[in-house]
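Here is how the chains run, residue by residue.
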Amino acid sequence: MATFGTLSDRLTETFRNLRTKGKLTAADVDGTVREIRRALLDADVALVVVKEFTAKVRERALGDEVNKALNPAQQVVQIVNEELVQILGGEQRRLQFAKTAPTVIMLAGLQGSGKTTFAGKLAKQLEGEGHTPLLVAADLQRPNAVNQLQVVAEQAGATVFAPEPGNGVGDPVKVSRDGVDYARRQQHDVVIIDTAGRLGVDAELMKQAADIRKAVDPDEVLFVIDAMIGQDAVNTAKAFQEGVDFTGVVLSKLDGDARGGAALSVASVTGRPIIFASTGERLEDLEPFHPDRMASRILDLGDILTLIEQAQQAFDEEEAMKMAEKLATEAFTLEDFLDQLQQMKKMGSMKKMLGMLPGMGQMKQQLDDFDEREIDRTEAIIRSMTPGERRNPKVLNGSRRLRIARGSGMTVTDVNQLVQRFEQAAKMMKTVARGGTPNIPGMGAVPGMGRPGASSKRGKKAKSSGGSRSGNPAKRAAENAGIASTATPTGSGFGLGGGAAQAPSEAELAEIQKLFGKS
């Protein structure tokens, strides 16, 4: 997650230095706590939170639980993880729904914090859970705020209540009250009230928000705060707590490049739980906030549970079963591969998903270099094929590959690499589907995991293919060149943007010459 990138790097580096020590002295602990304090302050975490956090870490790190541990460094990491969970709120807190519908959710926060966008994201998520949300346009102050909410509601597939045009016209308190009455009559079970904000905290803003709360008596008051706001997050949160008394916090723009101190400060300072985290611009980019999972991300320990949940939402279980059967029966085609790519795109950013894997913080450069558009290029190549070509790539001769390359805006080499890697991937997946162990290109066979039934003769043959042993230097060079030409090319997972360029065959060159009128 970009917001905690710098903090995660600093903490990971600090713990890496500890792992070389078999036993930790008081000086080691003090040095580690000092680095943690600096990392948190650089991340714009509130000073009072940093002092309390480091004091607890130091006390526990000097205690018996570390001194008696077999691996003191890992024990310190565990302590920091547990304390991070506590300052992030301890346990996950879900939305509290009213016993009698409708449940009224009021949004509060400064202008530009992302309230309107969050209203649409929350409406879409609630729609997916079987609720019937109603968005109420009570932000009548900001120019075009009502229009923006209508657009977001349409994208989310939700109903919007907007009796006033806004732009300074209308009474937000009356609109909020009428919106709840309308939801009750039309049997909407959730009401989301989008209120006005200001560029800064002022008496007028607080009075209006307090009047709306008094008029509708909401079940939840969610304080939406920009995760990139930095040190000012604490003052803003305290002002809203005193003026409106919110019940939960929403962190917006958590995918930004800022230092993310707000996330580590607000819950601890206000005593109110963080309920949601907005992690992108799409309406689907909204996650329930799990303190333990966020702490794991910060410490580069991964977030496998969230990754699994996102995969379960994006992938259809029935389709997955059909795909497994196709793999086992060698019926997996490029059409199926295209379906899988589209399912992956539903999960969102590949970088974000890869970043949830443990230890990926150490591969930050590789993640930064990953080109999200490569999936689109692969999809373009497959879509440029006819249905028959997708089902049977073996019919792809030189002229067909040239046509596909021109239709997708790619090169013949790109098409060749995609087909080659698809065939390799299909073989590997077929092996896994049958319970075997795949022979991953570039890695050789997995030691101790040989497939049952493999003959020793085949093993000797594979071993001997490592290079020519001819005593004639010229013959040895020629044989090695032949082996290299048939070796598995390296490159990206989709066959594009990597590896050495593959020269077109004589047949392909002949087809190209025909197309350009050359003999």
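Note that the structure is predicted; figures quoted are calculated from it, not measured. (Residues numbered from 1 in each chain as written. Predicted model: local features only at pLDDT ≥ 70, side-chain atom pairs only at ≥ 80, totals over all residues. Heavy atoms only, no water.)

Our focus in this paragraph is helix α18 (residues 373–383). Along α18, the residues classified as buried are Glu374, Ile375, Thr378, Glu379, Ile381 and Ile382. Angularly, the buried residues of α18 cover 160° about the axis, an arc narrow enough to put them on a single face. (Buried < 20%, exposed > 50% of the residue type's maximum accessible area, 1.4 Å probe, protein only. Helix = DSSP H or I, 4+ residues; strand = E, 2+ residues; numbered from the N terminus. Arc of directions from axis to C-beta.)

Glancing now at helix α12 (residues 291–298). Side chains three or four residues apart in an α-helix point the same way, a direct result of the helix having 3.6 residues per turn. Across the eight residues of α12, seven count as buried, placing the element largely inside the fold. Those residues of α12 lying buried are Pro291, Arg293, Met294, Ala295, Ser296, Arg297 and Ile298.

In this structure, Pro102 follows Ala101 across a cis peptide bond, with omega equal to 5°. Take Pro102: it is sitting in the loop between α5 (72–87) and β1 (103–108). Positive phi, close to 55°, is recorded for Asn167, a residue that is not glycine. Position of Asn167 among the secondary structure elements: in the loop between β3 (159–161) and α8 (172–186). What makes Asn167 partly exposed here is its relative accessible area of 46%. The backbone phi angle of Asp217 is positive, close to 50°, even though this residue is not glycine. Counting through the fold element by element, Asp217 comes out in the loop between α9 (203–216) and β5 (220–226). On the basis of relative accessible area, Asp217 is assigned to the exposed category, the value being 61%.

Looking now at the nonpolar core. Note that soluble globular proteins tend to have their nonpolar side chains buried in a common cluster. Judged by nonpolar contacts, the single largest core of 93 residues is most densely connected at Phe15, Val80, Leu84, Phe118, Ile192, Phe240 and Leu264. Tallying contributions element by element places α5 first for this core, with eight residues. In contact with Phe240, not counting residues within four places along its chain, are Ala108, Gly109, Leu110, Val201, Leu205, Met206, Phe223, Asp245 and Phe246. Ranked by size, the runner-up nonpolar core spans 20 residues in total, among them Ile375, Ile381, Ile404 and Leu418. (Core = buried A, V, L, I, M, F, W, Y, C linked by side-chain atoms within 4.5 Å. Contact = heavy atoms within 4.5 Å.)

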